[in-house]
Amino acid sequence: MMELGWIANALDARSARRVQRIQSLWSGYGELFRIALDGGPARTAIVKWARPPADAAADESLARKCRSFDVETAFYQAVAPRCDDSCRVAKLLAARTSAGEWILVLEDLDAAGYATRVDEADDAQLDAALAWLASYHARFLGEHVAALWPVGTYWQLDTRRSELAAIEDRALREAAPELAERLAAARFQTIVHGDPKEANFCFTADGARVAAVDFQYTGRGCGVVDVAYLLYGRSDEPRDGIDRVRLDAYFGHLRRELAGRTVEVDALEAEWRALYPIARLDFCRFLAGWRPAMWRADTRGRRFVKCNQMLRSS
Ligand SMILES: Nc1ncnc2c1ncn2[C@@H]1O[C@H](COP(=O)(O)OP(=O)(O)O)[C@@H](O)[C@H]1O
Ligand SMILES: [Mg+2]
(Lines give C-alpha, C1' and ligand atoms only; values in the text may rest on other atoms or scores of the structure.)
(Ligands and ions follow the chains in the order given, each with its own letter.)
Protein backbone atom coordinates (compact mmCIF):
# COMPACT_ATOMS: atom_id res chain seq x y z
CA MET A 1 0.00 0.00 0.00
CA MET A 2 1.10 3.53 -0.69
CA GLU A 3 2.49 5.68 2.06
CA LEU A 4 0.33 8.82 2.46
CA GLY A 5 2.46 11.01 4.73
CA TRP A 6 3.85 13.03 1.83
CA ILE A 7 0.32 13.91 0.72
CA ALA A 8 -0.54 15.30 4.15
CA ASN A 9 2.70 17.30 4.03
CA ALA A 10 2.13 18.57 0.51
CA LEU A 11 -1.41 19.69 1.41
CA ASP A 12 -0.57 21.11 4.81
CA ALA A 13 -2.94 18.65 6.44
CA ARG A 14 -2.40 17.00 9.81
CA SER A 15 -3.05 13.57 8.30
CA ALA A 16 -4.23 11.76 5.20
CA ARG A 17 -6.07 8.48 5.53
CA ARG A 18 -7.29 6.09 2.87
CA VAL A 19 -11.06 5.62 3.20
CA GLN A 20 -12.36 3.99 0.01
CA ARG A 21 -11.10 2.16 -3.01
CA ILE A 22 -12.81 3.48 -6.14
CA GLN A 23 -11.42 1.14 -8.76
CA SER A 24 -8.31 -0.53 -9.99
CA LEU A 25 -6.76 0.97 -13.11
CA TRP A 26 -6.91 -0.76 -16.47
CA SER A 27 -5.15 -4.17 -16.41
CA GLY A 28 -3.38 -3.95 -13.06
CA TYR A 29 -1.72 -0.60 -13.63
CA GLY A 30 -2.57 0.89 -10.25
CA GLU A 31 -5.66 2.14 -8.48
CA LEU A 32 -7.90 5.02 -7.60
CA PHE A 33 -8.93 5.69 -4.04
CA ARG A 34 -10.46 8.36 -1.85
CA ILE A 35 -8.59 9.78 1.10
CA ALA A 36 -9.85 11.74 4.10
CA LEU A 37 -7.78 14.73 5.14
CA ASP A 38 -7.57 16.14 8.61
CA GLY A 39 -7.04 19.87 8.15
CA GLY A 40 -5.77 20.99 4.75
CA PRO A 41 -7.68 22.34 1.75
CA ALA A 42 -10.55 19.82 1.70
CA ARG A 43 -12.04 16.99 3.75
CA THR A 44 -11.51 14.42 1.02
CA ALA A 45 -9.44 13.99 -2.14
CA ILE A 46 -8.97 11.40 -4.88
CA VAL A 47 -5.67 9.65 -5.46
CA LYS A 48 -4.87 8.19 -8.88
CA TRP A 49 -1.90 5.95 -8.43
CA ALA A 50 -0.36 4.38 -11.51
CA ARG A 51 2.38 1.82 -11.40
CA PRO A 52 2.74 -0.62 -14.27
CA PRO A 53 3.26 -4.20 -13.10
CA ALA A 54 6.95 -5.06 -12.78
CA ASP A 55 6.53 -7.96 -15.21
CA ALA A 56 4.72 -5.96 -17.92
CA ALA A 57 6.20 -6.71 -21.34
CA ALA A 58 8.14 -3.76 -22.77
CA ASP A 59 5.89 -3.41 -25.81
CA GLU A 60 3.83 -0.80 -27.63
CA SER A 61 1.11 -1.08 -25.00
CA LEU A 62 3.42 -0.39 -22.05
CA ALA A 63 5.02 2.56 -23.84
CA ARG A 64 1.58 3.99 -24.62
CA LYS A 65 0.36 3.65 -21.03
CA CYS A 66 3.49 5.12 -19.47
CA ARG A 67 3.30 8.08 -21.80
CA SER A 68 -0.40 8.44 -21.00
CA PHE A 69 0.41 8.98 -17.32
CA ASP A 70 3.01 11.63 -18.26
CA VAL A 71 0.36 13.28 -20.41
CA GLU A 72 -2.27 13.22 -17.68
CA THR A 73 0.18 14.73 -15.19
CA ALA A 74 1.08 17.47 -17.67
CA PHE A 75 -2.61 18.06 -18.34
CA TYR A 76 -3.43 18.62 -14.68
CA GLN A 77 -0.40 20.84 -14.20
CA ALA A 78 -0.60 23.03 -17.29
CA VAL A 79 -3.99 22.73 -18.95
CA ALA A 80 -6.53 22.09 -16.18
CA PRO A 81 -5.97 25.53 -14.59
CA ARG A 82 -7.25 27.04 -17.85
CA CYS A 83 -10.54 25.14 -17.77
CA ASP A 84 -13.49 26.96 -16.20
CA ASP A 85 -16.96 25.84 -15.12
CA SER A 86 -18.08 25.25 -18.71
CA CYS A 87 -15.46 22.53 -19.09
CA ARG A 88 -15.10 21.62 -15.46
CA VAL A 89 -12.23 19.38 -14.35
CA ALA A 90 -10.77 18.50 -10.97
CA LYS A 91 -8.12 20.75 -9.49
CA LEU A 92 -4.73 19.19 -8.98
CA LEU A 93 -3.84 19.23 -5.29
CA ALA A 94 -0.48 17.47 -5.52
CA ALA A 95 1.52 15.29 -7.92
CA ARG A 96 4.49 13.03 -7.58
CA THR A 97 6.25 11.25 -10.42
CA SER A 98 9.19 8.94 -10.13
CA ALA A 99 10.60 6.19 -12.32
CA GLY A 100 7.73 3.87 -13.16
CA GLU A 101 5.23 5.54 -10.80
CA TRP A 102 2.75 8.40 -11.17
CA ILE A 103 0.60 9.81 -8.37
CA LEU A 104 -2.05 12.49 -8.81
CA VAL A 105 -3.96 13.90 -5.85
CA LEU A 106 -7.12 15.46 -7.23
CA GLU A 107 -10.04 17.46 -5.98
CA ASP A 108 -12.92 15.12 -5.09
CA LEU A 109 -15.55 15.90 -7.72
CA ASP A 110 -18.25 14.05 -5.76
CA ALA A 111 -17.74 16.53 -2.91
CA ALA A 112 -17.92 19.37 -5.45
CA GLY A 113 -21.43 18.26 -6.46
CA TYR A 114 -20.62 15.97 -9.38
CA ALA A 115 -21.44 12.67 -7.69
CA THR A 116 -23.65 11.02 -10.33
CA ARG A 117 -22.24 8.34 -12.68
CA VAL A 118 -24.18 6.72 -15.52
CA ASP A 119 -23.73 3.86 -17.99
CA GLU A 120 -25.69 5.53 -20.76
CA ALA A 121 -26.37 9.25 -20.54
CA ASP A 122 -29.99 10.41 -20.88
CA ASP A 123 -30.83 13.41 -23.08
CA ALA A 124 -29.96 16.05 -20.48
CA GLN A 125 -26.73 14.33 -19.45
CA LEU A 126 -25.69 13.78 -23.05
CA ASP A 127 -26.32 17.41 -23.86
CA ALA A 128 -24.24 18.45 -20.85
CA ALA A 129 -21.41 16.19 -22.05
CA LEU A 130 -21.61 17.62 -25.59
CA ALA A 131 -21.53 21.12 -24.13
CA TRP A 132 -18.48 20.16 -22.07
CA LEU A 133 -16.71 18.90 -25.20
CA ALA A 134 -17.66 22.00 -27.21
CA SER A 135 -16.30 24.25 -24.48
CA TYR A 136 -13.03 22.31 -24.25
CA HIS A 137 -12.60 22.26 -28.03
CA ALA A 138 -13.39 25.96 -28.36
CA ARG A 139 -11.07 26.94 -25.55
CA PHE A 140 -8.02 25.28 -27.06
CA LEU A 141 -8.77 25.80 -30.75
CA GLY A 142 -5.54 26.13 -32.72
CA GLU A 143 -3.36 25.51 -29.68
CA HIS A 144 -0.55 23.07 -29.48
CA VAL A 145 0.62 21.85 -26.09
CA ALA A 146 3.83 19.89 -26.55
CA ALA A 147 3.46 17.84 -23.37
CA LEU A 148 0.17 16.31 -24.54
CA TRP A 149 -0.22 13.69 -27.29
CA PRO A 150 0.67 14.91 -30.81
CA VAL A 151 -2.45 13.00 -31.85
CA GLY A 152 -5.09 12.66 -29.16
CA THR A 153 -7.39 9.66 -28.41
CA TYR A 154 -6.48 6.27 -27.04
CA TRP A 155 -7.20 4.61 -30.37
CA GLN A 156 -4.94 6.75 -32.56
CA LEU A 157 -3.26 4.67 -35.21
CA ASP A 158 0.41 5.35 -34.44
CA THR A 159 0.06 3.68 -31.03
CA ARG A 160 -2.13 0.81 -32.29
CA ARG A 161 0.08 -1.04 -34.75
CA SER A 162 -0.60 -4.49 -33.33
CA GLU A 163 -4.38 -3.83 -33.50
CA LEU A 164 -3.98 -2.66 -37.09
CA ALA A 165 -2.32 -5.90 -38.08
CA ALA A 166 -5.20 -7.84 -36.49
CA ILE A 167 -7.94 -6.31 -38.68
CA GLU A 168 -9.54 -9.02 -40.79
CA ASP A 169 -11.32 -6.69 -43.25
CA ARG A 170 -8.56 -5.98 -45.72
CA ALA A 171 -10.17 -2.86 -47.20
CA LEU A 172 -10.52 -1.33 -43.74
CA ARG A 173 -6.97 -2.28 -42.78
CA GLU A 174 -5.57 -0.72 -45.91
CA ALA A 175 -7.67 2.42 -45.55
CA ALA A 176 -6.49 3.01 -41.96
CA PRO A 177 -3.50 5.27 -42.72
CA GLU A 178 -5.58 7.43 -45.03
CA LEU A 179 -8.31 7.88 -42.41
CA ALA A 180 -5.73 8.99 -39.84
CA GLU A 181 -4.08 11.32 -42.35
CA ARG A 182 -7.33 13.00 -43.26
CA LEU A 183 -8.02 13.75 -39.61
CA ALA A 184 -4.47 14.97 -39.04
CA ALA A 185 -4.55 17.17 -42.14
CA ALA A 186 -7.65 19.07 -41.07
CA ARG A 187 -7.14 22.80 -41.02
CA PHE A 188 -8.97 23.25 -37.71
CA GLN A 189 -7.31 21.41 -34.88
CA THR A 190 -7.76 21.71 -31.15
CA ILE A 191 -7.13 19.63 -28.05
CA VAL A 192 -9.45 16.65 -27.74
CA HIS A 193 -10.27 14.83 -24.53
CA GLY A 194 -9.41 11.49 -26.11
CA ASP A 195 -11.63 9.14 -24.07
CA PRO A 196 -14.96 10.91 -23.46
CA LYS A 197 -17.17 7.95 -22.61
CA GLU A 198 -19.86 8.16 -19.95
CA ALA A 199 -17.60 6.62 -17.29
CA ASN A 200 -15.27 9.58 -17.63
CA PHE A 201 -17.98 12.14 -16.91
CA CYS A 202 -19.25 13.00 -13.43
CA PHE A 203 -22.72 14.59 -13.43
CA THR A 204 -24.66 16.76 -11.03
CA ALA A 205 -27.77 15.07 -9.64
CA ASP A 206 -30.04 16.98 -12.05
CA GLY A 207 -27.83 16.00 -15.00
CA ALA A 208 -27.53 19.61 -16.10
CA ARG A 209 -23.84 20.03 -15.40
CA VAL A 210 -20.86 17.79 -15.80
CA ALA A 211 -17.16 17.49 -15.02
CA ALA A 212 -14.72 15.28 -16.93
CA VAL A 213 -11.91 13.02 -15.71
CA ASP A 214 -9.29 10.76 -17.27
CA PHE A 215 -6.99 12.89 -19.41
CA GLN A 216 -4.50 10.16 -20.27
CA TYR A 217 -5.17 10.49 -24.00
CA THR A 218 -5.77 14.19 -24.44
CA GLY A 219 -3.94 15.83 -27.32
CA ARG A 220 -4.22 17.38 -30.75
CA GLY A 221 -7.22 16.55 -32.91
CA CYS A 222 -10.48 17.62 -34.53
CA GLY A 223 -13.30 18.04 -32.04
CA VAL A 224 -15.54 15.58 -33.85
CA VAL A 225 -13.35 12.59 -32.93
CA ASP A 226 -14.54 13.05 -29.33
CA VAL A 227 -18.15 13.42 -30.46
CA ALA A 228 -18.07 10.35 -32.72
CA TYR A 229 -16.70 8.28 -29.84
CA LEU A 230 -19.16 9.58 -27.23
CA LEU A 231 -22.10 8.78 -29.51
CA TYR A 232 -20.78 5.44 -30.77
CA GLY A 233 -22.99 2.46 -30.03
CA ARG A 234 -25.70 4.31 -28.12
CA SER A 235 -28.98 2.43 -27.98
CA ASP A 236 -30.75 5.33 -29.73
CA GLU A 237 -28.21 5.57 -32.53
CA PRO A 238 -29.86 6.17 -35.95
CA ARG A 239 -29.62 3.37 -38.49
CA ASP A 240 -27.05 5.13 -40.64
CA GLY A 241 -24.85 5.82 -37.61
CA ILE A 242 -24.99 9.61 -37.88
CA ASP A 243 -26.95 11.26 -35.08
CA ARG A 244 -27.75 14.59 -36.74
CA VAL A 245 -29.74 15.91 -33.79
CA ARG A 246 -26.82 15.45 -31.40
CA LEU A 247 -24.32 16.73 -33.95
CA ASP A 248 -26.43 19.87 -34.39
CA ALA A 249 -26.50 20.26 -30.61
CA TYR A 250 -22.71 19.96 -30.42
CA PHE A 251 -22.18 22.56 -33.14
CA GLY A 252 -24.73 24.84 -31.48
CA HIS A 253 -22.69 24.68 -28.27
CA LEU A 254 -19.46 25.18 -30.21
CA ARG A 255 -20.78 28.29 -31.96
CA ARG A 256 -21.94 29.78 -28.66
CA GLU A 257 -18.50 29.12 -27.16
CA LEU A 258 -16.76 30.75 -30.13
CA ALA A 259 -19.03 33.80 -30.32
CA GLY A 260 -16.96 36.94 -30.26
CA ARG A 261 -13.74 35.21 -31.24
CA THR A 262 -12.02 35.69 -34.57
CA VAL A 263 -12.63 32.19 -35.83
CA GLU A 264 -14.12 31.27 -39.20
CA VAL A 265 -16.91 29.27 -37.62
CA ASP A 266 -18.68 28.42 -40.86
CA ALA A 267 -15.51 26.94 -42.33
CA LEU A 268 -14.79 25.16 -39.05
CA GLU A 269 -18.25 23.62 -38.85
CA ALA A 270 -18.20 22.59 -42.53
CA GLU A 271 -14.83 20.90 -42.14
CA TRP A 272 -15.64 19.07 -38.93
CA ARG A 273 -19.07 17.95 -40.18
CA ALA A 274 -17.43 16.49 -43.27
CA LEU A 275 -14.88 14.72 -41.08
CA TYR A 276 -17.45 13.20 -38.75
CA PRO A 277 -17.89 9.98 -40.78
CA ILE A 278 -14.10 9.75 -41.12
CA ALA A 279 -13.71 10.06 -37.35
CA ARG A 280 -16.30 7.34 -36.90
CA LEU A 281 -14.60 5.07 -39.42
CA ASP A 282 -11.27 5.67 -37.68
CA PHE A 283 -12.78 4.47 -34.40
CA CYS A 284 -14.31 1.46 -36.19
CA ARG A 285 -10.81 0.69 -37.48
CA PHE A 286 -9.64 0.48 -33.87
CA LEU A 287 -12.54 -1.72 -32.75
CA ALA A 288 -12.05 -4.11 -35.66
CA GLY A 289 -8.45 -4.81 -34.69
CA TRP A 290 -8.74 -4.55 -30.92
CA ARG A 291 -11.48 -7.13 -30.38
CA PRO A 292 -12.11 -8.96 -33.67
CA ALA A 293 -14.79 -11.19 -32.12
CA MET A 294 -16.68 -8.20 -30.71
CA TRP A 295 -16.34 -6.43 -34.03
CA ARG A 296 -17.83 -9.40 -35.89
CA ALA A 297 -20.90 -9.01 -33.65
CA ASP A 298 -21.08 -5.22 -34.09
CA THR A 299 -23.60 -5.24 -36.93
CA ARG A 300 -24.19 -1.50 -36.82
CA GLY A 301 -20.48 -0.71 -36.91
CA ARG A 302 -19.87 -3.16 -39.72
CA ARG A 303 -22.78 -1.75 -41.72
CA PHE A 304 -21.36 1.75 -41.26
CA VAL A 305 -17.97 0.66 -42.59
CA LYS A 306 -19.60 -1.05 -45.55
CA CYS A 307 -21.83 1.89 -46.44
CA ASN A 308 -18.96 4.35 -46.16
CA GLN A 309 -16.47 2.45 -48.24
CA MET A 310 -16.51 5.16 -50.86
CA LEU A 311 -15.55 7.78 -48.28
CA ARG A 312 -12.30 6.04 -47.67
CA SER A 313 -10.98 6.49 -51.19
CA SER A 314 -12.57 9.83 -52.07
N1 LIG B 1 -11.32 13.73 -9.19
C2 LIG B 1 -12.25 12.79 -9.10
N3 LIG B 1 -13.33 12.95 -8.30
C4 LIG B 1 -14.28 11.99 -8.22
N5 LIG B 1 -14.26 10.84 -8.90
C6 LIG B 1 -13.20 10.62 -9.71
C7 LIG B 1 -12.15 11.57 -9.86
N8 LIG B 1 -11.26 11.06 -10.73
C9 LIG B 1 -11.73 9.86 -11.11
N10 LIG B 1 -12.90 9.58 -10.49
C11 LIG B 1 -13.71 8.36 -10.65
O12 LIG B 1 -12.86 7.26 -10.83
C13 LIG B 1 -13.07 6.63 -12.08
C14 LIG B 1 -11.76 6.18 -12.66
O15 LIG B 1 -10.88 7.27 -12.87
P16 LIG B 1 -10.11 7.42 -14.26
O17 LIG B 1 -9.16 8.56 -14.15
O18 LIG B 1 -11.10 7.44 -15.34
O19 LIG B 1 -9.28 6.06 -14.27
P20 LIG B 1 -9.12 4.96 -15.41
O21 LIG B 1 -7.94 5.44 -16.20
O22 LIG B 1 -8.86 3.69 -14.70
O23 LIG B 1 -10.38 4.92 -16.23
C24 LIG B 1 -13.78 7.67 -12.93
O25 LIG B 1 -14.59 7.04 -13.88
C26 LIG B 1 -14.57 8.46 -11.91
O27 LIG B 1 -15.82 7.83 -11.65
MG1 LIG C 1 -11.59 6.30 -16.96
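Everything in this summary refers to the structure shown in the same document. Just so we're clear, the structure is a prediction, and the values are computed from it rather than from any experiment.

## Considerations on helix 8 (residues 265-290)
Taking 1.5 Å of rise per residue, the 26 residues of helix 8 would be expected to cover 38 Å, and the 35 Å separating its terminal C-alpha atoms lies within 8% of that figure. Taken as a whole, helix 8 carries its principal kink of about 40° at Y276; the proline P277 stands between one and four residues after it.

## What to know about the nonpolar core
Note that soluble globular proteins tend to have their nonpolar side chains buried in a common cluster. In this structure, F75, W132, Y136, F201, Y250, L254 and W272 are the most contacted members of the largest nonpolar core, which totals 89 residues. Beyond its immediate stretch of four places on either side in the chain, W272 contacts H137, L141, F188, T190, C222, G223, V224, Y250, F251 and L254. The next biggest cluster of nonpolar side chains, apart from the first, holds 17 residues, and it includes I7, A8, F33 and A94.

## Regarding the layout of surface pockets
Here the second largest pocket defines a volume of roughly 250 Å³. V151, Q156, A180, L183 and A184 are, among the 19 residues lining the second largest pocket, the residues nearest its centre. Among the secondary structure elements, those contributing two or more residues to the lining of the second largest pocket are helix 5 (170-184), strand 10 (219-221) and helix 8. Per-class residue counts for the lining of the second largest pocket are 9 nonpolar, 5 polar and 5 charged.

## What to know about the packing of aromatic side chains
On inspection of all chains with the given rule, the structure shows 23 aromatic pairs. Both rings, one in Y136 and one in F215, keep their centres 6.1 Å apart while their planes meet at 50°; by these two values the pair is tilted. Of the two residues, Y136 sits in helix 3 (residues 123-139) while F215 sits in the loop between strand 9 (210-212) and strand 10, which places them 79 residues apart along the sequence. Residue classification places Y136 among the buried residues on the basis of a relative accessible area of 0%. Members of the aromatic cluster, connected to one another through ring pairs, are W149, Y154, W155, Y217, Y229, Y232, F283, F286 and W290.

## Some points on the pairing of strand 3 (residues 44-50)
Summarising burial for strand 3: 6 of the 7 residues are buried, a large majority. Here 7 bridges tie strand 2 (residues 30-39) to strand 3, and the two strands are oriented antiparallel to one another. Note on strand 3: the bridge partner recorded for G30 is A50. As paired strands, strand 3 and strand 6 (residues 101-107) are joined by 6 bridges and run antiparallel to one another. In the sheet register, A50 faces strand 6, and the bridge partner there is W102.

Parameters at a glance
- Residues numbered from 1 in each chain as written.
- Chains lettered and ligands numbered in written order.
- Predicted model: local features only at pLDDT ≥ 70, side-chain atom pairs only at ≥ 80, totals over all residues.
- Heavy atoms only, no water.
- Helix = DSSP H or I, 4+ residues; strand = E, 2+ residues; numbered from the N terminus.
- Expected span 1.5 Å × (residues − 1).
- Bend = angle between axes of the 7 residues up to and from the residue.
- Core = buried A, V, L, I, M, F, W, Y, C linked by side-chain atoms within 4.5 Å.
- Buried < 20%, exposed > 50% of the residue type's maximum accessible area, 1.4 Å probe, protein only.
- Contact = heavy atoms within 4.5 Å.
- 1 Å grid on protein atoms, 1.4 Å probe; cavity = no way out; pocket = protein on both sides within 12 Å on 5 of 7 lines; lining within 4 Å.
- Points joined across faces, edges and corners; volume = space filled by probe spheres on them.
- Nonpolar A, V, L, I, M, F, W, Y, C, P; charged D, E, K, R; others polar.
- Phe/Tyr/Trp six-rings, centres within 6.5 Å; stacked < 30°, edge-to-face > 60°.
- Pairing = 2+ DSSP bridges.

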